[in-house]
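Survey of secondary and tertiary structure
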Amino acid sequence: MKLAIAFGIVLSLLAVSSAAERFDFFYFVQQWPGSFCDTSRGCCFPDTGKPAADFGIHGLWPNYAKCHGGDGDGLARRAVLGDDAAAASLSGVGRRGKCWPQYCDDENALSPWAIRDLVASLSRSWPTLSCKSGDSFEFWSYEWKKHGTCSNLEPHDYFARALALKAAHNLTEILAAAGMVPSESESYSISSVSDAIRKGTGFTANLECNRDTDGQTQLYQVYQCVDKEGKQLIDCPLHMRSKCGDDQIKLPLF
């Protein structure tokens, strides 16, 4: 009997282990709202009103340091195209293999009850700017379904840890302390932005840019690498190929 019980426990542990998603790190991605809005597609404010002029969370994304079955080209391509565009073109599978996990449990929908105590903070720090929907919960549900279900975290922990990361490393304040503030006329060198974030957080971030309606380059998203528990910044296992082609970039008003 004892042997049967022990065998059952081992099988249960193996089942839990096999169910856990294996990945190497998280990308914690924040976007500057002025750069999201100052493009040809524009933006729409969420139902709760215009967000603050502050970096907003885009997502907490599990990633592989190397594509399964190949090198990191697919992940690098994701970084160049942006999450949504790459997902549409690659569906999580790069030219040389699977480069990041996604949609790991389609049955595990986000429940409002699970994050009820986080809603106010999420509305401030993780708002939607997409014109597809002004409902931020819809945005959070999408991020949970696509990325959170692969995180090995419960919904509350997944969102709480993203909020904690943002609070611990306030990018808006870090750049302002280095003299880089939103402006329609000023521009800043990519190296100075990167250096300010490295000095302010202790780690180098990957930067993504886009172009405004006049074709000028502006800082769009900051990718910070985080350990597999979603708690601490780490050195990035790989370097993204940046879309910031120009040396000088803007941080537009919002």
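Residues numbered from 1 in each chain as written. Predicted model: local features only at pLDDT ≥ 70, side-chain atom pairs only at ≥ 80, totals over all residues. Heavy atoms only, no water.

**Let's talk about the side chain of Q224**
Tracing the chain through its elements places Q224 in strand β7 (residues 217-226). Overall, Q224 belongs to the buried group, its relative accessible area being 3%. Polar side-chain contacts of Q224 include one of 3.3 Å to the side chain of Q30. (Helix = DSSP H or I, 4+ residues; strand = E, 2+ residues; numbered from the N terminus. Buried < 20%, exposed > 50% of the residue type's maximum accessible area, 1.4 Å probe, protein only. Polar contact = N/O pair within 3.5 Å; in protein donor to acceptor, adjacent residues only side chain to side chain.)

**What to know about the UniProt feature "active site" (unreviewed entry) in the protein chain**
Taking the numbering used here, the UniProt-annotated feature "active site" (unreviewed entry) corresponds to H58, E143 and H147. Taken along the chain, the residues just named run across 90 residues; in space they keep tight, none of their C-alpha pairs more than 11.2 Å apart. Topologically, H58 is positioned in strand β2 (residues 56-63). Taking relative accessible area as the criterion, H58 reaches 7% and is therefore assigned buried. By secondary structure assignment, the location of E143 is in helix α6 (residues 136-146). Note on E143: relative accessible area 0%, which makes it buried. Ignoring any residue separated from it by four or fewer positions in sequence, one finds E143 in contact with H58, G59, W61, W126, G148 and Y158. A polar side-chain atom of E143 sits 2.9 Å from a polar atom in the side chain of W61. (UniProt positions renumbered as here; feature names shortened; annotations may be inferred. Contact = heavy atoms within 4.5 Å.)

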